Amino acid sequence: MSEKKEIKKDSNELLNFLMIIIGLLFIFKAIMEFLAWAGIYAPGWLTGTGFDEALSIFGGQGIVSLLLGFWCLVSGIGMFREEEYAMGMGLVVLSIMAAVGIIAIIGWISTPASFDVTYWPNYVTIVAAAVGVFGFLWLIFTYKRYD
């Protein structure tokens, strides 16, 4: 009799944790922007120069942050279980994170005065762009584990 060895799949825990954390940060950012937009609560990081921008872009950016955060969270959790759907979802989420982040970074490079050092969501965007690029490449090169 031949015995088959069960191959234990091993996901990249670092990428999974980063996707979950970034997902939670995007959801938190979207909720705070929604609360400010609704006039319920304006967090300190939204007051000042970025307040009007946050309120004016909630219709587009806040919804994108909420959706991106939710699907990033779902994909990160699913990738721990090596689910096939999580790999496809991860590729989509990571590519969107990379594209949105790279566009923002190019904007900051072309107009350095537009980068506010005290606005913490800017750093979330930078980290999300890096995780998006490297995570996307990682999933492309390791896609066989999800077969």
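Residues numbered from 1 in each chain as written. Predicted model: local features only at pLDDT ≥ 70, side-chain atom pairs only at ≥ 80, totals over all residues. Heavy atoms only, no water.

K.L.:
Just checking my understanding: could you explain the overall build of the chain for this structure?
P.N.:
Helix and strand counts for the chain stand at 4 helices and 0 strands. Taken from the N to the C terminus, the helices and strands of the chain come in the order α-α-α-α. Looking at the chain as a whole, 38% of its 147 residues qualify as buried. Within the chain, contacts between residues separated by at least 24 positions form 72% of all contacts whose residues are at least 6 apart in sequence. (Helix = DSSP H or I, 4+ residues; strand = E, 2+ residues; numbered from the N terminus. Buried < 20%, exposed > 50% of the residue type's maximum accessible area, 1.4 Å probe, protein only. Contact = heavy atoms within 4.5 Å.)

K.L.:
Help me understand the environment of Leu 68, please; the structure alone is not making it clear to me.
P.N.:
In this structure, Leu 68 sits in helix α2 (residues 49–80). Residue Leu 68 is classed as buried on the basis of its relative accessible area of 9%. In this structure, the C-alpha to C-alpha distance between Leu 68 and Ile 22, residues 46 residues apart in sequence, is 9.3 Å. Here Leu 68 is in contact with Phe 26, Val 93, Ile 96 and Met 97, once residues within four sequence places are set aside.

K.L.:
I keep staring at a nonpolar patch on the surface and nothing clicks. Help me out?
P.N.:
Residues Phe 17, Ile 21, Leu 25 and Phe 80 make up a contiguous nonpolar surface patch of roughly 350 Å² in combined accessible area. Per-element tally for the nonpolar patch: the top contributor is helix α1 (residues 13–37), with 3 residues. Turning to its location among the elements, Phe 17 is positioned in helix α1. Exposure remark for Phe 17: the relative accessible area of 48% places this residue in the partly exposed category. (Patch = residues over 30% accessible without salt bridge, like charges linked within 9 Å, V, L, I, M, F, W, Y side chains within 5 Å. Areas by Shrake-Rupley, 256 points an atom, 1.4 Å probe, with all protein chains shown as cover. Salt bridge = Lys/Arg side-chain N within 4 Å of Asp/Glu carboxyl O.)

K.L.:
Help me understand the packing of α1 against helix α3 (residues 84–110) in this model?
P.N.:
The packing of two helices is summarised by the inter-axis angle and the distance between the axes. Taken N-terminus to C-terminus, the directions of α1 and α3 make an angle of 60°; their axes are 13 Å apart at the nearest point. One way to sum up the angle between α1 and α3 is to call them oblique. α3 is crossed by α1, and the crossing has left-handed handedness. Between α1 and α3, the contacting residues are Met 19, Ile 22 and Phe 26 on the first element and Gly 90, Val 93, Leu 94 and Met 97 on the second. Split into classes, the residues belonging to the contact of α1 with α3 amount to 6 nonpolar, 1 polar and no charged. (Axes fitted to C-alpha atoms, helices over the stretch in contact; angles between N-to-C directions. Parallel < 35°, antiparallel > 145°, perpendicular 65-115°, else oblique. Left-handed = near helix turned anticlockwise from the far one by under 90°. Nonpolar A, V, L, I, M, F, W, Y, C, P; charged D, E, K, R; others polar.)

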